[in-house]
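Chain and residue survey
For reference, the chains in residue letters:
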Amino acid sequence: MIDKTFNKTKVLIIDDQPLAQSYMKQSLESIGFRDLICAERAQTALRLCQSSKFDLILCSFNLGRDKDGYHLYEELKNKKLVKRTTGFIFISAETSPALVHSVIELQPDDFLAKPFSQKELSTRIEKLLNRKTTLAQIYDFIDVENYSKALKVIKAQLASTKVSNYTPILLRLKGELLLKLNQFAEAKEFFKSVLGIQKFTWAKIGLVESLIANSEFKFAQNLLESMLERPETRLVSYDLLSKLELQLKNYQNAQDYLVGATQMAPRNINRQHKLVNVARLNHDYENNYTANRNILKFAKNSIHDHPNIYLNVARAGVDYALTTDQTELVTRLTRQSS
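Note that the coordinates shown come from a computational prediction; the quantities given were computed from them, not determined experimentally. (Residues numbered from 1 in each chain as written. Predicted model: local features only at pLDDT ≥ 70, side-chain atom pairs only at ≥ 80, totals over all residues. Heavy atoms only, no water.)

What follows concerns the packing of aromatic side chains. The description of two aromatic rings rests on the distance between their centres and on the angle between their planes. The tally for this structure, following the rule as stated, stands at ten aromatic pairs. Taken together, a centroid distance of 6.3 Å and an interplanar angle of 70° make the contact between F61 and Y70 edge-to-face. Taking relative accessible area as the criterion, Y70 reaches 3% and is therefore assigned buried. The structure contains a cluster of three or more aromatic residues connected by ring pairs, namely F61, Y70, Y73, F88 and F90. Directly above the aromatic system of Y70 lies the positively charged group of R267, at a separation of 5.2 Å from the ring centroid. (Phe/Tyr/Trp six-rings, centres within 6.5 Å; stacked < 30°, edge-to-face > 60°. Buried < 20%, exposed > 50% of the residue type's maximum accessible area, 1.4 Å probe, protein only. Lys NZ or Arg CZ within 6 Å of the ring centre and 35° of its normal.)

Turning next to the layout of surface pockets. Roughly 250 Å³ of internal volume is contained in the second largest pocket. Every residue lining the second largest pocket is listed: D109, D110, R124, K127, L128, R131, N165, Y166 and I169. Top element by residues in the lining of the second largest pocket is helix α5 (residues 118-134). It accounts for four residues. Across the lining of the second largest pocket, the residue classes break down as three nonpolar, one polar and five charged. (1 Å grid on protein atoms, 1.4 Å probe; cavity = no way out; pocket = protein on both sides within 12 Å on 5 of 7 lines; lining within 4 Å. Points joined across faces, edges and corners; volume = space filled by probe spheres on them. Helix = DSSP H or I, 4+ residues; strand = E, 2+ residues; numbered from the N terminus. Nonpolar A, V, L, I, M, F, W, Y, C, P; charged D, E, K, R; others polar.)

The next subject is helix α4 (residues 97-106). Every α-helical turn comprises 3.6 residues, leaving residues that sit three or four positions apart pointing alike. By the burial criterion, the buried members of α4 are L99, H101, S102, V103 and L106. Residues of α4 that are buried make contact with α3 (69-78), β4 (87-92), β5 (110-113), α12 (231-247) and α13 (251-264). Within two residues after α4, Q107 carries a phi angle of roughly 55°, on the positive side. (Contact = heavy atoms within 4.5 Å.)

Moving on: the pairing of β5. Of the two faces of β5, the one holding D110 and L112 is buried and the one holding F111 and A113 is not buried anywhere. Relative to β5, β4 runs parallel, the two being bridged by four bridges. Counted as the bridge partner of S92 is A113 from β5. Handedness of the crossover joining β4 and β5 through α4 is recorded here as right-handed. (Pairing = 2+ DSSP bridges. Right-handed = clockwise from strand over helix to strand, strands pointing away.)

What follows concerns a positive patch on the surface. Where like charges cluster on the molecular surface, the positive patch consists of R293, K297, R332 and R335. For the positive patch, the secondary-structure elements that each account for two or more residues are α15 (285-299) and α17 (327-337). (Patch = residues over 30% accessible without salt bridge, like charges linked within 9 Å, V, L, I, M, F, W, Y side chains within 5 Å. Areas by Shrake-Rupley, 256 points an atom, 1.4 Å probe, with all protein chains shown as cover. Salt bridge = Lys/Arg side-chain N within 4 Å of Asp/Glu carboxyl O. Lys, Arg positive; Asp, Glu negative; His and termini not counted. Charge placed at Lys NZ, Arg CZ, Asp CG, Glu CD.)

Taking strand neighbours across the sheet as the criterion, the five strands line up as β2-β1-β3-β4-β5 in an open arrangement whose pairing is parallel. The open sheet has two edge strands with one neighbour each: β2 (35-39) and β5. Across the sheet, the mean angle separating the axes of adjacent strands is 20° when strand polarity is ignored. One ladder, built from four bridges, connects strand β1 (residues 10-14) with strand β3 (residues 56-60); its direction is parallel. Counted as the bridge partner of I13 is L58 from β3. (Axes fitted to C-alpha atoms, helices over the stretch in contact; angles between N-to-C directions.)

Core analysis: the largest hydrophobic core is formed by 38 residues, its most contacted members being I138 and F191. Element by element, the count of residues in this core is highest for helix α10 (residues 201-213), at seven residues. Leave out the neighbours within four places in its chain, and F191 touches G175, L179, W202, A203, G206, L207 and S210. Membership of the second largest hydrophobic core comes to 22 residues, among which are A39, C49, L63 and L106. (Core = buried A, V, L, I, M, F, W, Y, C linked by side-chain atoms within 4.5 Å.)

Honestly, that's just the spatial picture; any functional story needs more than this.
So, in structure tokens, the structure goes:
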């Protein structure tokens, strides 16, 4: 059962289905939660997060009105309306690879696939809230971008035996902060030492990032090519390989990797913009048009939605039509651009 202290935990439930919302509320009440607020729409949830601080947010990924869960969480993070001390859990009946990759990139605290039992819900929440409480000081420093103080607290906690259950999380946070502080030489040695103990995926990724920052491109490339073979690291490998190739000014290779990444997780608008820019450099009008179309498709109702994205699709369509001799394609592109 949930610890008695959690009955003061402030919880926001976001779901556009009244039955699902009611079931979630009853489930949480039965395991000890009392301060529960529900929202059917993403815009309502945004307003609530602007006026209140929540300890836990449970959000349906597929919201039927205006923004979906992806757009909502992206905006909450962008506007800093959710702190690191707030637990955020996505809930969805859909588990397609594209959705899972999109969720992973947003880095929520957890993802619950429907159907789930009350016991599973209770266990996940208890574990999450205990972690948030134990590491609250570190998360608070990170929220205000005081990375040096956060790193100092992490080092002290790693030297203590009181939070040994959280050692892997503390190690991961330490690596992230070394990169944020541009301490790339130290980061490189740190990630190598961690990998010498256990082959954490995050440590491999961190090592590659530090190698690229240190201009050790060959070693980084070799690591990334091996990571491409594994499904769980393929997406981030595409991303980092594109970053590496851009630094080497191998624009066609960078584009190929970006295409691979956008196909795996098309909702990432920032990556789609990178593909647009690289496709322009390569005079690849087809991929430029495709990426702009994807931005238009996936940016709707998000923080990226802007009249310019419609104009960009029209421009890309005209450019593509002027460079192809396929009559039917030219007609279609002209009609769509108009």
